[in-house]
Amino acid sequence: MLGILAFAGLIAGGVALRRKAEWHKRLMLCATITILGPGLGRLLPMPSFGEAAPLVMFGVILLFGLAGPVADLVTRKRVHPAYAWGLVAIVLSNVLVAPLAFSPLGQTLLALVQGG
């Protein structure tokens, strides 16, 4: 749910700023990065990482997230502020997943989704 909210928020920001191309394309890129987890989980040999698998996944997603700001630094000599919003959403959606999932609220939502 948290990933969906991060994705939706960045998409909404990108759509709202569609006439400002520099903001739009960066927010849309960051939105795409927020939903890379499932696809990367199928491509990477996750079982071989053992207990470190979530950290490996976070690291790979963060590498994708940092590619845009690095490209900005190289080409424009500064990082566009849209990446600050995007990277905060990416990091928060990944870091807060486990604590929220195992919280009483997260367990209640899981039970509701599972129909129990």
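Residues numbered from 1 in each chain as written. Predicted model: local features only at pLDDT ≥ 70, side-chain atom pairs only at ≥ 80, totals over all residues. Heavy atoms only, no water.

A. Fine view of the pattern of salt bridges. On inspection of all chains with the given rule, the structure shows three salt bridges. Between R76 and E22 there is a salt bridge, and its shortest N-O distance comes to 3.6 Å. With R76 in helix α4 (residues 53–76) and E22 in helix α2 (residues 21–34), this residue pair connects regions lying 54 residues apart in the sequence. Owing to a relative accessible area of 24%, R76 belongs among the partly exposed residues under this scheme. D72 serves as the salt-bridge partner of R26, at 2.8 Å between the closest nitrogen and oxygen. (Salt bridge = Lys/Arg side-chain N within 4 Å of Asp/Glu carboxyl O. Helix = DSSP H or I, 4+ residues; strand = E, 2+ residues; numbered from the N terminus. Buried < 20%, exposed > 50% of the residue type's maximum accessible area, 1.4 Å probe, protein only.)

B. Structural detail: helix α5 (residues 82–95). For α5, which comprises 14 residues, the first-to-last C-alpha distance of 20 Å matches the rise-based estimate of 20 Å (1.5 Å per residue) to within 8%. Among the residues of α5, A82, Y83, G86, L87, A89, I90 and S93 are the ones counted as buried. Buried positions in α5, seen along its axis, are confined to an arc of 160 degrees and lie on one side of it. Where α5 is buried, its residues meet α1 (2–16), α2, α4 and α6 (97–101). (Expected span 1.5 Å × (residues − 1). Arc of directions from axis to C-beta. Contact = heavy atoms within 4.5 Å.)

C. Structural context of the nonpolar core. Grouped together as the largest cluster of nonpolar side chains are 17 residues, with contacts concentrated most on L10, C30, L40, M57, I61 and I90. When contributions to this core are tallied by element, the ones reaching two or more residues are α1, α2, α4 and α5. When near neighbours in sequence (up to four residues on either side) are disregarded, L40 contacts M57, V60, I61 and F64. (Core = buried A, V, L, I, M, F, W, Y, C linked by side-chain atoms within 4.5 Å.)

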